Amino acid sequence: MSTQDLSTLKAGDALPTLTTGPITPLTLALFAGGSGDHNPIHVDKAFAVSAGFPDVFAHGMLSMAYLGRALTDWAGATAVRQFGVRFAAITPLGASVACDGIVEQIIEQEGERLAKLTLRATVVDGPVTLVGDALVRIG
Amino acid sequence: MIDRKHIGATTEEVSIDVELSQLRLFCQAIGETNPVFLDADAARAVGQERIPTPPTYPQTLLNLSPFKKNLVLDVIEADLARMLHGEQVFEYHHPIQVGDTIRMRQTVADIYDKKDGALEFIVLETLARNQDDVVCATLKSVAVIRN
């Protein structure tokens, strides 16, 4: 998993798209245990239905973690300086999630060269689920 | 409507150890296979003294932190069935690595509503410091309550 040479990066360049496999009940059980988010709305169908949803749905933080993978695959494990998202839509069971990003600007801050990115997670053949931004060290 | 008196409510500061076994389960859950997050030799090969943690891992440490009371569920007493995650922001100042002991304190930074109270928003801010008192990360979460 080698990171890329980002020295020639410029505004408009794209982050390599990361697309996940379909989200299953097992994915959500693992994420509940792995992340410590035990909200039953993600793992207990009866609870989700009582809350007005047709079924359980994915943790928003799971898709944010997928976006995080896209960032660290690209720039390195400790390159992220700021990372924020707004959760725009629910990610249903069965969804595959595509993570994209675009470089908006290259800036210098505290002696580091940083890329300012806009980010997006999308259900494949479905809605945009997360929109966000990040500052990532590129040199 | 949520009582605005809860703005400013804060937890005690609690400690949590950054453990490799939990990190590995998290990585399995998110499909993370980068060896830098899983193996000490791979981490050293990229100049890390110890295994670093992925960008959203501070929220996992927060979720697992042994607070006496959960600010949202026990203090504000928001209904979990009507709550969704609206926003999440991390700022990173120093790597959080396996073997660290992270100290967390969470505060209700704001409570506000939109659409004449149909939606209420709880803004939670958390500071994460390590065993050397170095600020590693700040976390901001916005919970949305559907009234």
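This is a predicted model, so every value here is computed, not measured. (Residues numbered from 1 in each chain as written. Chains lettered and ligands numbered in written order. Predicted model: local features only at pLDDT ≥ 70, side-chain atom pairs only at ≥ 80, totals over all residues. Heavy atoms only, no water.)

(A) How the structure looks around the overall build of chain A. Summing up its helical and strand segments, chain A has 3 helices and 5 strands in all. When the helices and strands of chain A are read in sequence order from the N terminus, they spell out β-α-α-α-β-β-β-β. For chain A, the proportion of its 139 residues judged to be buried stands at 51%. Expressed as a percentage of contacts within chain A between residues at least 6 apart in sequence, the contacts between residues at least 24 apart total 65%. About 5,900 Å² of surface is accessible on chain A, with carbon and sulfur atoms providing 53% of the total. (Helix = DSSP H or I, 4+ residues; strand = E, 2+ residues; numbered from the N terminus. Buried < 20%, exposed > 50% of the residue type's maximum accessible area, 1.4 Å probe, protein only. Contact = heavy atoms within 4.5 Å. Areas by Shrake-Rupley, 256 points an atom, 1.4 Å probe, with all protein chains shown as cover.)

(B) Molecular detail of the packing of aromatic side chains. The final tally for this structure, using the stated rule, is 5 aromatic pairs over all chains. For the pair Phe53 of chain A and Phe57 of chain A, a centre-to-centre distance of 4.8 Å together with 50° between the ring planes defines the contact as tilted. Phe57 of chain A matches Phe53 of chain A in its accessibility class, with the two residues each being buried. Centre to centre, the rings of Phe26 of chain B and Tyr57 of chain B are 5.0 Å apart; their planes meet at 75°, and the pair counts as edge-to-face. Here Phe26 of chain B is found in helix α1 (residues 20-30), whereas its partner Tyr57 of chain B is found in helix α3 (residues 57-64), with 31 residues between them in sequence. Take Phe26 of chain B: its relative accessible area is 1%, and that puts it in the buried class. Here the aromatic cluster, defined as three or more aromatic residues joined through ring pairs, consists of Phe31 of chain A together with Phe26 and Tyr57 of chain B. The ring of Phe121 of chain B carries the charged tip of Lys114 of chain B above its face, separated from the ring centre by 5.0 Å. (Phe/Tyr/Trp six-rings, centres within 6.5 Å; stacked < 30°, edge-to-face > 60°. Lys NZ or Arg CZ within 6 Å of the ring centre and 35° of its normal.)

(C) The side chain of Thr60 of chain B, seen in detail. With respect to the helices, strands and loops of the structure, Thr60 of chain B is situated in helix α3. Its relative accessible area of 2% is what places Thr60 of chain B among the buried residues. The contact partners of Thr60 of chain B, leaving out residues within four places of it in the chain, are Gly34 and Ser35 of chain A together with Phe26 of chain B.

(D) Spatial organisation of the nonpolar core. If you look at the biggest cluster of nonpolar residues, it comprises 67 residues, and the most contacted ones within it are Leu71, Trp74 and Phe83 of chain A together with Ile102 of chain B. Of all the elements, helix α3 (residues 60-75) of chain A adds the most residues to this core, at 10 residues. Beyond its immediate chain neighbours, meaning those up to four positions away, Ile102 of chain B contacts Val14, Ser15, Ile16, Val18, Leu61, Ile96, Ala128, Arg129, Asn130 and Cys136 of chain B. If you look at the next biggest cluster of nonpolar residues, it comprises 13 residues, including Ile2, Ala9, Ile76 and Leu124 of chain B. (Core = buried A, V, L, I, M, F, W, Y, C linked by side-chain atoms within 4.5 Å.)

(E) Up close: unusual backbone geometry. Residues and elements named next belong to chain B. A positive phi angle is found at Glu77, which is not glycine, with a value near 60°. Inspection of the secondary structure assignment puts Glu77 in the loop between α4 (71-75) and β2 (83-92). The phi dihedral of Asp133 falls on the positive side, at around 70°, and the residue is not glycine. Among the secondary structure elements, Asp133 is positioned in the loop between β4 (119-129) and β5 (135-146).

(F) Structural context of the packing of α1 of chain B against α3 of chain B. Residues and elements named next belong to chain B. For the pair α1 and α3, interaxial distance at closest approach is 12 Å and the crossing angle is 120°. Classified by the interaxial angle, the pair formed by α1 and α3 is oblique. Classified by chirality, the crossing of α3 by α1 is right-handed. Residue-level inspection shows Gln22, Leu23 and Phe26 of α1 in contact with α3, the latter providing Tyr57, Thr60 and Leu64. Tallied by class, residues from the contact of α1 with α3 come to 4 nonpolar, 2 polar and no charged. (Axes fitted to C-alpha atoms, helices over the stretch in contact; angles between N-to-C directions. Parallel < 35°, antiparallel > 145°, perpendicular 65-115°, else oblique. Left-handed = near helix turned anticlockwise from the far one by under 90°. Nonpolar A, V, L, I, M, F, W, Y, C, P; charged D, E, K, R; others polar.)

(G) Region of the structure containing the interface of chain A and chain B. Contact with chain A, which involves 35 residues of that partner, is made by 33 residues of chain B. Note on chain A versus chain B: buried area summed over both sides is about 2,800 Å², and carbon and sulfur give 65% of it. At the boundary of chain A with chain B, the tally comes to 0 salt bridges. The tally of links from chain A across to chain B stands at 12 residue pairs in polar contact (both at pLDDT 80 or more). Considering each element in turn, the side of chain A that touches chain B owes the most residues, 9 residues, to α3 of chain A. Judged from the 5 bridges that link them, strand β2 (residues 80-87) of chain A and β2 of chain B form a sheet pairing that is antiparallel. From the neighbouring strand, Gln82 of chain A faces β2 of chain B, where its bridge partner is Glu91 of chain B. (Buried area = accessible area lost by both parts, 1.4 Å probe. Salt bridge = Lys/Arg side-chain N within 4 Å of Asp/Glu carboxyl O. Polar contact = N/O pair within 3.5 Å; in protein donor to acceptor, adjacent residues only side chain to side chain. Pairing = 2+ DSSP bridges.)

Don't take any of this as a statement about function, it's just geometry.
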